[in-house]
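Chain by chain, the residues run as shown.
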2 protein chains.
Amino acid sequence: MTLNPTCVAISGGVGGAKLALGLSHVLSPPDLAIVANTGDDFEHLGLAICPDLDTVMYTLADLSNKELGWGQEGESWAFLAALERLKGETWFRLGDRDLATHVLRSEMLRRGGTLSDATTFLCQALGIRHALIPMSDDAVPTLVRTGNGTRLAFQHYFVRDRCSPVVKGFEFEGVETARPSPGFRNVLGAGRLSSIVICPSNPFVSVDPVLAIPGVMDAINRASAPLIAVSPIVGGAAIKGPAAKMMKELGMPQTALAVARHYVGRVDGFVLDLVDKDYAFEVEALGMQVLVTNTMMRSLDDRIALARDVLGFAERIQRKVT
Amino acid sequence: MTLNPTCVAISGGVGGAKLALGLSHVLSPPDLAIVANTGDDFEHLGLAICPDLDTVMYTLADLSNKELGWGQEGESWAFLAALERLKGETWFRLGDRDLATHVLRSEMLRRGGTLSDATTFLCQALGIRHALIPMSDDAVPTLVRTGNGTRLAFQHYFVRDRCSPVVKGFEFEGVETARPSPGFRNVLGAGRLSSIVICPSNPFVSVDPVLAIPGVMDAINRASAPLIAVSPIVGGAAIKGPAAKMMKELGMPQTALAVARHYVGRVDGFVLDLVDKDYAFEVEALGMQVLVTNTMMRSLDDRIALARDVLGFAERIQRKVT
C-alpha cells in the first residue's frame with residue numbers, strides 16, 4: 001500500500017505519542033503517518049520488544065496505561081510472578097496482555113516477516129486506522145556510553161538501571177548500514193506532504209536514532225514540507241523521562257533553547273512552550289522559525305489543540321534549511 | 001550429576017503423573033527418576049511447549065490444575081485474551097503463569113541448552129527434589145495418522161481437533177536418529193535399579209514414543225530390574241484421555257487385556273485394577289506376571305498406596321522377557 005500523507009510525525013514513547021494521538025484526531029487516516037523510533041528495541045527472553053513503537057500503538061488504540069506510562073491499561077502480572085518464581089529475569093516488567101504483542105511479533109519475525117509487516121498486522125488487529133511505521137526494519141540498537149566507560153544497551157540503562165549511570169554519549173549500533181523502512185521512505189517522498197513533525201520526544205535516544213538512518217535527513221531535506229520540532233523540555237525540565245538529566249550530564253543547559261541548538265541545521269521550525277517564550281529570539285537566531293504555544297498535554301483536548309497549532313505553524317513557515 | 005535410582009518411572013501426562021507423584025512420596029529423591037514423554041512436545045507461537053513433561057513437573061511441584069488436568073492451578077488468561085484480540089492462535093490455551101515456563105525454556109533452548117538442562121533448571125526453581133528427565137533432548141514429534149489419510153501433529157489432533165479424527169496409526173518422526181537423553185541413559189544403567197515402572201499412561205502416544213527411542217528397550221532388557229506396566233484402561237474405559245477411543249479405532253478391544261497384549265514381549269509385570277481381575281489368567285498367559293490391586297487414584301493416599309503396591313510387586317517378580 002502506498003501512503004500519501006500530508007503529515008509525517010516522528011515519535012518516541014510517551015511524550016511523542018501524546019502529540020501523535022492529537023494529530024490522529026485532527027488528520028484523517030490517509031493524511032497522517034506516524035514513524036516510531038525503534039532504537040530502543042531489544043530482545044528479551046527471546047522476545048522482540050519495541051517499547052516506543054508499542055507505546056504509540058497502545059496510545060492510538062486507547063489501550064495505553066496512563067499511570068505507568070508504558071504497557072497496557074488494566075494490565076495483570078501473573079506471568080511476571082511465575083517468571084520470578086522460576087528465577088527468570090524480571091527487571092523488564094512484561095504484563096500478561098502486553099506479552100501477547102511480543103509473542104506474536106516475535107513469531108512473525110522468526111517466520112521471516114519484517115517489523116513493518118508485524119506492526120501493520122498488530123495495528124489492524126487493534127483497530128488503528130492511521131499508519132504506524134517503524135523507523136527501520138533493521139535493528140539499530142541504541143547504546144549508552146556511560147561515565148565508567150561501559151556501553152549499556154538502552155533498556156538496561158533505562159529500565160534495569162533506572163537511568164542512574166552518568167551519560168557520556170550514545171551510539172546507534174549498525175546505523176551505517178540500516179535503511180529506513182519502506183513505509184518511512186514512502187511517506188517522506190509523499191507528494192502531498194506539508195509537514196514533518198518531531199513530536200516532543202527525547203532528542204538523543206528517541207529522535208536522533210530516527211534522523212541518523214542514512215537517507216532520512218536527505219529525504220527530509222528534499223521534501224517540500226518543513227521539519228518542525230516540539231520541545232520536550234519545558235521550563236527547564238523534561239515532561240517525562242531522562243532528557244534533562246542527560247543534557248546535564250552531556251554538559252548542556254537543561255533548556256528548550258539547548259534542544260533547539262541540538263537540532264540546528266536540521267529543523268525549520270521549533271515549538272516552544274509559553275513558559276519558554278523568552279527563548280524565542282535566540283531560537284530564531286539559530287535560523288528556525290518559532291511557535292510559542294501551550295505544549296503541556298494534560299488532556300486529550302490539549303493534545304488536539306497542540307496538533308492544530310503545529311499544523312497551522314507548518315502552513316505558515318517556509319523551509320529555510322537545505 | 002550421575003543418578004543411581006532404585007526406580008525409574010516412565011510417564012505421560014495426567015494419569016502417569018499421579019503414580020509418579022505417589023512414587024515420589026514413597027521413594028527419596030536419590031531413589032527415583034521420572035522420565036517423561038516428550039513426543040507430544042511442539043512449537044507454538046515460537047515457544048517450546050512440553051505438555052506431558054510440564055504436567056509431571058507441575059504435579060511434583062504441587063502446582064497442577066486438578067480441574068483442567070493441565071496447566072497450573074489458579075491460572076489466569078489475560079495473555080490469551082490479548083492474543084485473541086490480536087487475532088493470534090488461541091486453540092492451545094496458554095495460561096499467564098504457564099507461559100513463564102515456556103518462555104524461559106524456549107530462551108534456554110535458543111541459547112544452546114538442552115531440554116534436559118532446561119528441565120533441571122525449572123525443577124530446581126520449583127523446589128522439585130526428585131529427578132525429572134525428558135525421554136530425549138531430540139525432537140521426536142508424534143504424528144497421528146487419521147482416517148482421511150492425513151498426518152496430524154499430536155497437539156493438533158489432541159487439543160485443536162479434540163481427538164475427533166479417526167486414528168489409523170502413529171508415527172514418531174525422527175525417532176530413528178533420536179537418542180535417549182543423557183539422564184535417561186544414565187538411570188537405565190543404574191546399578192541399584194530394582195524397578196522400571198510404566199505409569200498408567202496412553203500406550204500409543206505416551207509410552208510407545210519413550211520405548212521406541214533406539215537403545216531404550218535394549219537398555220531396559222539389559223537392566224536387572226523388571227519392567228512393570230500399570231494399565232491405563234480400567235473396566236473397559238480410559239481413566240483420562242483418548243486411549244480407549246484410539247483402541248477402538250485401531251480395531252482393538254477396549255480392555256486392559258488388550259493393553260497387556262500391546263506390551264507383550266516388552267513388559268515383565270502387568271498391574272490390573274480390581275475390576276479387571278478376571279483378565280489375570282489371560283495376561284499371565286502372555287508371559288507376564290500380574291498384580292491385581294486398586295489402580296484408581298482419587299486421593300494422594302491412593303497414589304501412595306498404588307506406588308507401594310507396584311514397588312512391592314517389582315520386588316517379588318523376576319524378569320522373564322529377554
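Look a little higher up for the structure.
All of these numbers come straight from a predicted model, not from anything done at the bench.

A. Summary view of the side chain of Asp40 of chain B. Residues and elements named next belong to chain B. Secondary-structure assignment places Asp40 in the loop between strand E2 (32–36) and strand E3 (42–44). Buried charge without a salt bridge: Asp40, with Arg105 as the nearest opposite-charge side chain at an N-O distance of 9.6 Å. Once residues within four sequence positions are removed from consideration, Asp40 is found in contact with Pro51, Asp52, Phe154 and Gln155.

B. Here's a closer look at the sheet that holds strand E10 (residues 227–230) of chain B. Residue and element names in this part refer to chain B. Strand order in the open sheet made by the seven strands is E5-E2-E1-E9-E10-E13-E14, with parallel pairing throughout. What marks the edges here is a single partner per strand, and that holds for strand E5 (131–134) and strand E14 (289–293). On average, adjacent strands in this sheet sit at an angle of 20° to one another, irrespective of strand direction. When E2 meets E5, the two strands line up parallel, connected through four bridges. Bridging from a neighbouring strand, Ala36 pairs with Pro134 of E5.

C. Just the interface of chain A and chain B, in detail. Counting from both sides, the interface comprises 25 residues of chain A and, opposite them, 25 residues of chain B. Of the roughly 2,400 Å² buried where chain A meets chain B, counting both sides, 71% is carbon and sulfur surface. It is Arg85, Leu86 and Val103 of chain A that lose the most area in chain A upon contact with chain B, and together they represent 24% of the buried surface on that side. Run the count over chain A and chain B and you get zero salt bridges. In this assembly, chain A and chain B are joined by two residue pairs in polar contact (both at pLDDT 80 or more). Only helix H3 (78–85), helix H4 (96–110) and helix H5 (115–125) of chain A provide two or more residues apiece to the side of chain A that touches chain B. Counting residues per element, the side of chain A that touches chain B draws most heavily on H4 of chain A, which supplies nine residues. Among the residues making up the side of chain A that touches chain B, the classes are represented as 15 nonpolar, four polar and six charged.

Rules and cut-offs
Residues numbered from 1 in each chain as written. Chains lettered and ligands numbered in written order. Predicted model: local features only at pLDDT ≥ 70, side-chain atom pairs only at ≥ 80, totals over all residues. Heavy atoms only, no water. Helix = DSSP H or I, 4+ residues; strand = E, 2+ residues; numbered from the N terminus. Buried < 20%, exposed > 50% of the residue type's maximum accessible area, 1.4 Å probe, protein only. Lys, Arg positive; Asp, Glu negative; His and termini not counted. Salt bridge = Lys/Arg side-chain N within 4 Å of Asp/Glu carboxyl O. Contact = heavy atoms within 4.5 Å. Pairing = 2+ DSSP bridges. Axes fitted to C-alpha atoms, helices over the stretch in contact; angles between N-to-C directions. Buried area = accessible area lost by both parts, 1.4 Å probe. Polar contact = N/O pair within 3.5 Å; in protein donor to acceptor, adjacent residues only side chain to side chain. Nonpolar A, V, L, I, M, F, W, Y, C, P; charged D, E, K, R; others polar.

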